[in-house]
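Notes for the structure review
Read off the chains here:
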Amino acid sequence: MLVHAAQMVYTTEKYGKRGEFGELILHAILREQFGTEPVISKLYFKSATNDTVKGFDAVHVLETEKGSVELWLGEVKFYTDIKKAVNAVVSEIKAHLDQKKLKEEFICVGPHIGKGWKFEPLVSKLMDPRTSLDDVFPVICIPVLLTYESEVVQSANKISDEFLKNLKLELSGNRDLFFEKLGSLFVKVKLILLTLENKKRIITVLNEKLKGIQG
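None of these values were measured; they are calculated from a predicted model. The written sequence of each chain sets the order in which its residues are numbered from 1. Totals for whole chains, interfaces and linings use all residues, but because this is a predicted model, local features are given only for residues with pLDDT of at least 70 and pairs of side-chain atoms are given and counted only at 80 or more. Just so you know, side-chain values use all the structure's heavy atoms and leave hydrogens and water out.

**Describing the environment of Ala95**
Here is the rule we go by: Where helices and strands are cited, they refer to DSSP runs of H or I of at least four residues and of E of at least two residues respectively, numbered from the N terminus.
With respect to the helices, strands and loops of the structure, Ala95 is situated in helix H3 (residues 82–96). Along the primary structure Ala95 and Gly55 are separated by 40 residues, whereas in three dimensions their C-alpha atoms are 9.6 Å apart.

Pasting the structure below:
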């Protein structure tokens, strides 16, 4: 099963600009940091291993204290430049939240919801074409993962008070840039910023690990 899953990520040697690693990182952060559960894995929507999948990069749910669920529809930009990442993801968020596009996403995802899963009735109802989006929008959360090569990280050789201060300033500035570009939305948005020292080196290592699992 692990080999099959690894083969579904991609099998091409032209992996430098592919986004699957970003999607896997987002999945891990949502599971470990926020305690969400995946509704489906978009990787299994592929008809060929090197296809790219359209729509949201993650479809998860988070159980609320009231026993209901929030629908977490994730977006990722696994980039080196934060400004390019912000511009690209803001455009995609607004496009994906178009009512027609969102309904189309639900139509594709709905039939793949696991039978017998404890959240199946709630999620199926949310994604039912007959359910008004007026009832869906209040329970949608958009987790947004943006990666970028950080000047603060690149210039540091150890963790210090000065490093943490500068990193906080950098992250705060990038957070403000994102929300200024995004403007006001009718759904909740959670921004996740992941600083990198060298994206190319990370992707090379991840690709080697993936190839090792694929056999």
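**Points about the nonpolar core**
Taken as a class, soluble globular proteins show a tendency for nonpolar side chains to be buried jointly. Cut-off, in case you're wondering: Nine residue types can take part in a nonpolar core, namely buried Ala, Val, Leu, Ile, Met, Phe, Trp, Tyr and Cys, and a core is a set of them joined through side-chain atoms within 4.5 Å. Only protein chains enter the calculation, and the probe is 1.4 Å; a residue is then buried if its accessible area is under 20% of its type maximum, exposed if over 50%, and partly exposed in between. Contacts: residue pairs with any heavy atoms within 4.5 Å of one another.
Grouped together as the largest cluster of nonpolar side chains are 36 residues, with contacts concentrated most on Val39, Leu73, Ile140, Ile142 and Phe178. Setting aside residues no more than four positions away along its own chain, Ile142 makes contact with Phe56, Leu73, Glu75, Ile93, Leu97, Val187, Lys188, Val189 and Lys190. In this structure, Ala6, Tyr15, Phe78 and Leu196 belong to the second largest nonpolar core, which totals ten residues.

**Some points on the packing of aromatic side chains**
Rule in force here: Pairing of aromatic side chains here covers Phe, Tyr and the six-membered ring of Trp, requires ring centres within 6.5 Å, and sorts the geometry by plane angle: under 30 degrees stacked, over 60 edge-to-face, intermediate tilted.
What the rule picks out here adds up to six aromatic pairs. Taken together, a centroid distance of 5.8 Å and an interplanar angle of 75° make the contact between Tyr10 and Phe21 edge-to-face. Within this pair, whereas Tyr10 is found in the loop between helix H1 (2–9) and helix H2 (20–34), its partner Phe21 is found in helix H2, the two being separated by eleven residues in sequence. Accessibility expressed as a relative area gives 8% for Phe21, which makes it buried. Here Phe178 and Phe179 contribute two aromatic rings whose centre-to-centre distance is 4.9 Å and whose plane-to-plane angle is 80°, an arrangement assigned as edge-to-face.

**So, the confidence of the model for the protein chain**
Our working rule: For every residue, the predictor reports its confidence as pLDDT, a number between 0 and 100.
For the protein chain, the mean per-residue pLDDT works out to 92, and 99% of the residues sit at or above 70. Confidence, expressed as mean pLDDT per element, reaches its minimum in the protein chain at H1 with 86 and its maximum at strand S4 (residues 140–149) with 98.

**Re helix H5 (residues 120–127)**
Going by this rule: Summarising the geometry, the arc corresponds to the directions from the helix axis toward the C-beta atoms.
Here H5 has its buried residues at Glu120, Val123, Leu126 and Met127. Projected down its long axis, H5 shows its buried positions confined to an angular sector of 135°, all on one face. For H5, exposure combined with an orientation more than 90 degrees from the buried face picks out Pro121 and Lys125. Buried positions along H5 lie against strand S1 (37–40), strand S2 (58–63), strand S3 (69–78), helix H4 (99–109) and helix H6 (133–136).

**Some thoughts on helix H9 (residues 199–214)**
Heads up, the condition is: Multiply 1.5 Å by the residue count of a helix minus one, and that product is the helix's expected span. Two N or O atoms count as a polar contact when they lie within 3.5 Å, although within protein this holds only if one can serve as hydrogen donor and the other as acceptor, and sequence-adjacent residues are included solely when both atoms are side-chain atoms.
Between its terminal C-alpha atoms H9 stretches 22 Å, which fits the 22 Å expected from 16 residues at 1.5 Å a residue. Looking at the buried residues of H9, the elements they touch are H1, H2, S3, S4 and strand S5 (188–196). Where H9 begins, the side chain of Asn198 points an oxygen toward the backbone nitrogen of Lys200, at a separation of 3.1 Å. Gly215 sits one or two positions beyond H9 and adopts a positive phi of about 85°.

**Thoughts on the layout of surface pockets**
As a reminder, the rule being used: Note on definitions: the grid is 1 Å and covers protein atoms alone; a cavity is a set of points where a 1.4 Å probe fits but cannot get out; a pocket is an open set with protein on both sides within 12 Å along at least five of seven lines; lining residues have an atom within 4 Å of a point. Grid points are joined across faces, edges and corners, and a volume is the space filled by probe spheres set on the points.
Roughly 810 Å³ of volume is contained in the largest pocket. If you trace the largest pocket, you find 32 residues lining it, with Glu23, Val53, Asp57, Lys77 and Glu92 closest to the centre. At the level of secondary structure, the elements contributing two or more residues to the lining of the largest pocket comprise H2, S3, H3 and H4. With five residues, H4 is the largest single contributor of residues to the lining of the largest pocket.

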